[in-house]
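Here is what each chain is made of, one letter per residue.
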Amino acid sequence: MDPSQLIQQYLLGTLSDSQVADLEQQLASDLNLRKEFAIAAATDAGLRDLAIQRSMEPPVVRSSTTNRNIWLVGWCAMAASLLLAFLFTTGSQTPTPIATLSTSENAAWESSLPTTVGSKLVAGNMKLMAGIATVEFESGAKITFEAPAHFELLDAMRVRMVDGAAVIDVPESAHGFVVETPGGFAIDHGTQFAVSVQESSQTSDFEVLQGEISVHHPTSGKEVHLFDKQFASLSDNALSMQSATSPEQEYDQSNADRPRVIRVGTEGRSDYVIRNNRRGKWIHPEMLMVKRADSRKWDMRAMFSMSIDSVDLNSVSTARLRLNQVPSGKGFASRLPKLNTFAIYGVTHRSKETWDDDPSWEDAPDITDGILLGKFDIPRSQQTGTFGIQSDALLQFLRNDNDGRVTFVLVRESGLVEGTDRGLVHAFANDAHPEVSGPLLEFTLD
């Protein structure tokens, strides 16, 4: 039955419950059909009123009939206008799509949301009963679900896993994407990771395939950061990191206690300074800020120190220094060039490897106290992501260290293209940041 016939039968009251549901679904997705329904409903109401009036009215002078018909026509027009206004208002409040169903492999669904490939999806619950399907969020995040899976789309940057397994791919545009599970949630920091949720036991298991996530347990306030090939288990009662042994490692006991990657943090030994030495409220303990401006008085540079005495550098094949960018909330990105260059120096002057609490611009380690180890670029439009350097110069600097502690200085080389100040301040997390890890040295063993 075509939509027009459905409307006519609806007004006559002859539709079945399933046909009414079909009509409601079509009205929800078709603005023109809502207009047609509004006009038909208003006209039907006017005709019914006219029939009632004629059946009840006593004989009167014919001249009044014309006036009554004119009044009824006006009433119908007014009713149509009111109903159209209501429907248009309702239509304008239609939920905005937050994702698209991009692939479907022998999938069977139990869902009120559309399940054909290419369908736009609004917030709501979906159950994948069989097969595999991929949902691509407006933020750019992609989640591949494996049946049986029950999940709820919350917004373009958040999903709730109720039951089942999924693999989440998050590009730079969607850093900070949140996956809620029983007992807590995980925040992506630029990665690919897997999650498996058991609704019956209200437990969740996370595995980082590449990159970094943080898993949070709100009840206790505990959180853990996971990197490549690390695992964690989460429940209402606890959050703990897990270990996994590959089949090769099970049979190669010589490598059982030898990690492939060693990571070293700053253990809180990080800070930044401002050229005008305005500290106090201008220093944010969870960030490392860097800036270069024409006025120079608000220039900022960061420094951080790490202990590497536990690392056998003779067995290290590569070394990487990793920084996690976070929004600073300060300044205008439009005043910077489209691409901004950052440089990392290794301090070689022994007297500058340490600094006092609340250091001044003059006393803190500076680029003149060391050697250039590498550079990286960040587009001005980007305020989150993972950056850093991996170079022969970095590895050689580490191998030349004699006291087991190395210090780095981070600066932004790019200045402003607009004005003399108030350009964007770039910020990177330090160890006190609640969601992202601070500076890390990552050593890959031979």
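So, here is what we can say about the structure in this document.

What counts, and where the lines are drawn
Residues numbered from 1 in each chain as written. Predicted model: local features only at pLDDT ≥ 70, side-chain atom pairs only at ≥ 80, totals over all residues. Heavy atoms only, no water. Helix = DSSP H or I, 4+ residues; strand = E, 2+ residues; numbered from the N terminus. Contact = heavy atoms within 4.5 Å. Areas by Shrake-Rupley, 256 points an atom, 1.4 Å probe, with all protein chains shown as cover. Pairing = 2+ DSSP bridges. Axes fitted to C-alpha atoms, helices over the stretch in contact; angles between N-to-C directions. Buried < 20%, exposed > 50% of the residue type's maximum accessible area, 1.4 Å probe, protein only. Arc of directions from axis to C-beta. Patch = residues over 30% accessible without salt bridge, like charges linked within 9 Å, V, L, I, M, F, W, Y side chains within 5 Å. Salt bridge = Lys/Arg side-chain N within 4 Å of Asp/Glu carboxyl O. Lys, Arg positive; Asp, Glu negative; His and termini not counted. Charge placed at Lys NZ, Arg CZ, Asp CG, Glu CD.

1. So, the overall build of the chain
- When its secondary structure is counted, the chain shows 6 helices and 24 strands.
- At a minimum sequence separation of 6, the contacts of the chain that also span at least 24 residues come to 62%.
- On the chain, roughly 22,700 Å² of surface is accessible, and the fraction owed to carbon and sulfur atoms is 50%.

2. Structural notes on the sheet that holds strand S15 (residues 270-274)
- Spatially, 5 strands are ordered S15-S17-S22-S19-S20 in an open sheet, and the strand pairing comes out antiparallel. Only two strands of the sheet have a single neighbouring strand rather than two, namely S15 and strand S20 (370-379). Strand-to-strand twist of the sheet, defined as the mean angle between neighbouring strand axes without regard to direction, takes the value 20°.
- Inspection of the sheet shows strand S19 (residues 339-347) paired to S20 by 9 bridges, in the antiparallel sense. Bridge pairing in S20 links Thr 341 to Asp 377.

3. Notes on helix H6 (residues 392-399)
- Taken together, the buried positions of H6 are occupied by Leu 394, Leu 395, Phe 397 and Leu 398. End-on, the buried residues of H6 take up no more than an arc of 160°, which puts them together on one face.
- Looking at the buried residues of H6, the elements they touch are strand S18 (316-326), S19, S20, strand S21 (385-389), strand S22 (405-412) and strand S24 (440-445).

4. Brief notes about a negative patch on the surface
- Together, Asp 356, Asp 357, Glu 362 and Asp 363 give the surface a local cluster of negative charge.
- Within the secondary structure, Glu 362 sits in the loop between S19 and S20.
- Taking the relative accessible area as the measure of exposure, Glu 362 reaches 52% and is therefore exposed.

5. A closer look at the pairing of S19
- In terms of burial, S19 is a largely internal element, 7 of the 9 residues being buried.
- Looking at chain direction, S19 and S22 are connected through 5 bridges and run antiparallel. Bridging across to S22, Ala 343 finds its partner in Val 411.

What is shown is where atoms sit, not what they do.
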